[in-house]
Amino acid sequence: MQIKDSVVLITGGASGIGRIMGGMALRKGAKALAIWDINEKNIEDTVAEHSASGTVKGYRVDVSSYDLVKEAYDATVRDFGQVDIIIQCAGIVTSNSTFNENTVQEIDRTMTINTIAPMYVGLVALNDMIARDSGQIVTIASAAGMLSLPKMSIYAASKWGAIGWSDSVRIELQRMNSHVQMTTVAPYFINTGMFDGVQSKIFPILDPVKTSAKILKATEKGKIFKGLPFSFHFIRCMQAILPVKLLDWIFGDLFGIYHVMDHFTGRKK
């Protein structure tokens, strides 16, 4: 779906690639940009930054609450009319602990924000899109949603869930003969601060500006699934043909992927 003349809503839009894509969308000619985020200061700064490029408004939204998501969506529709494109960027990672060292609170928070929240947003928006037979929901998942990684088991589970939900809804819409589009994006680690401390010796940490541009390009092309970088697809092929123990050794130990979280610190508060 073309961004030009569209109303674009970005969750987690006041930081990281959400913030970058918001500015890019306006420069591409978006009719309006709605920013949903939980950090009020970041919202204010982002709105000020983007205002010179077009119409933008920020909303403080805790996407882990369905009621607040519904309230924010209704407010966005009142302000801008129909929402054409939703890009779901809101997400968290809490630690590099092994699963047995995690808490119930970390499980609940990670699964709610990374998996359930995109469903809440989809639930409030999809019927409007289906009714007018137009619209697109882009879900930013993770390569960790396709490749199991130690010391991020909850995060990986949450992104597996997001990918499964997004692609299942795509098939449902397809079987309805609907023109509403679902796009799933699975990027490797992106250099936004969220994964500070991650060390990757074979696959490079992704540049946030270049990654944002590729996601918007995939959005406009109506891509079903976009893995970043392209070499990510090589891992998926190897998953299909290699015995598990050999796969673990090649990617886990030889390439060092199973050690990327060893020195994780995360974004400083």
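Residues numbered from 1 in each chain as written. Predicted model: local features only at pLDDT ≥ 70, side-chain atom pairs only at ≥ 80, totals over all residues. Heavy atoms only, no water.

With that settled, the discussion passes to the side chain of aspartate 84. The residue aspartate 84 is located in the loop between α3 (66-80) and β4 (85-88) in this model. Leaving out residues up to four positions away in the same chain, aspartate 84 has contacts with Met1, Asp5, Ser6, Val7, Met129, Arg132, Gly135 and Gln136. (Helix = DSSP H or I, 4+ residues; strand = E, 2+ residues; numbered from the N terminus. Contact = heavy atoms within 4.5 Å.)

Here helix α4 (residues 104-132) is 29 residues long and its end C-alpha atoms lie 41 Å apart, about the 42 Å a rise of 1.5 Å per residue gives. Largest kink in α4: about 45 degrees, centred on isoleucine 116, with the proline proline 118 one to four residues after it. Positioned one or two residues after α4, aspartate 133 has a phi angle of 60 degrees, which is positive. (Expected span 1.5 Å × (residues − 1). Bend = angle between axes of the 7 residues up to and from the residue.)

Here the focus is the environment of serine 168. Within the secondary structure, serine 168 is located in helix α5 (residues 153-175). For serine 168, a relative accessible area of 39% corresponds to the partly exposed category. Distance in space between the C-alpha atoms of serine 168 and methionine 182 is 9.3 Å, their sequence separation being 14 residues. Only 2.7 Å separates the side chain of serine 168 from the backbone oxygen of glycine 164, close enough to count as a polar contact. (Buried < 20%, exposed > 50% of the residue type's maximum accessible area, 1.4 Å probe, protein only. Polar contact = N/O pair within 3.5 Å; in protein donor to acceptor, adjacent residues only side chain to side chain.)

Counted by the stated rule, this structure contains 8 salt bridges. In this structure, lysine 41 and aspartate 45 form a salt bridge, with 2.7 Å as the shortest nitrogen-oxygen distance. Placement of both lysine 41 and aspartate 45 in helix α2 (residues 40-50) is noted, with a separation of 4 residues, approximately one turn of the helix. Ionic pairing is found between aspartate 262 and lysine 151, a salt bridge with its closest N-O pair at 3.3 Å. In this pair, aspartate 262 is assigned in the segment after α8 (244-254) and lysine 151 in the loop between β5 (136-140) and α5, connecting sequence segments 111 residues apart. Owing to a relative accessible area of 29%, lysine 151 belongs among the partly exposed residues under this scheme. (Salt bridge = Lys/Arg side-chain N within 4 Å of Asp/Glu carboxyl O.)

Sheet strands pair by backbone hydrogen bonding; their relative direction is either parallel or antiparallel. A sheet is described by the order of its strands in space; here 7 strands give the open sequence β3-β2-β1-β4-β5-β6-β7, paired in parallel fashion. Each edge of the open sheet carries a strand with a single partner, namely β3 (56-60) and β7 (225-228). Neighbour to neighbour, the strand axes of the sheet diverge by 15 degrees on average, direction disregarded. Packing of α2 onto the sheet brings it into contact with β2 (32-37) and β3, and relative to β3 it is tilted by some 175 degrees. (Pairing = 2+ DSSP bridges. Axes fitted to C-alpha atoms, helices over the stretch in contact; angles between N-to-C directions.)

What follows covers the packing of aromatic side chains. Applying the stated criterion to the full structure yields 9 aromatic pairs. Between phenylalanine 234 and phenylalanine 251, the ring centres sit 6.0 Å apart and the planes meet at 65 degrees, which makes this aromatic pair edge-to-face. Highlighted residues: phenylalanine 234 in helix α7 (residues 232-241) and phenylalanine 251 in helix α8, separated in sequence by 17 residues. Measuring from ring centre to ring centre gives 5.3 Å for phenylalanine 251 and phenylalanine 255, while their planes differ by 85 degrees; the resulting arrangement is edge-to-face. The partly exposed category is assigned to phenylalanine 255, whose relative accessible area is 21%. (Phe/Tyr/Trp six-rings, centres within 6.5 Å; stacked < 30°, edge-to-face > 60°.)

Let us now look at the side chain of serine 6. With respect to the helices and strands, the residue serine 6 is situated in the segment before β1 (7-11). Note on serine 6: relative accessible area 4%, which makes it buried. In this structure serine 6 touches Met1, Ala30, Lys31, Ala32, Asp84 and Ile85, once residues within four positions along its chain are discounted.

It is at 8 Å that the axes of α4 and α5 come closest, and there the two elements cross at 15 degrees. The orientation of α4 relative to α5 falls into the category roughly parallel. Considering how the two elements wind past one another, α4 and α5 form a crossing that is right-handed. Contact with α4, carried on its side by Glu106, Ile107, Thr110, Met111, Asn114, Thr115, Pro118, Met119, Gly122, Leu126 and Ile130, involves Ile154, Tyr155, Ala157, Ser158, Lys159, Gly161, Ala162, Trp165, Val169 and Leu173 of α5 and no other residues of that element. Across the contact of α4 with α5, the residue classes break down as 13 nonpolar, 6 polar and 2 charged. (Parallel < 35°, antiparallel > 145°, perpendicular 65-115°, else oblique. Left-handed = near helix turned anticlockwise from the far one by under 90°. Nonpolar A, V, L, I, M, F, W, Y, C, P; charged D, E, K, R; others polar.)

Function-wise, these values are silent; they only describe arrangement.
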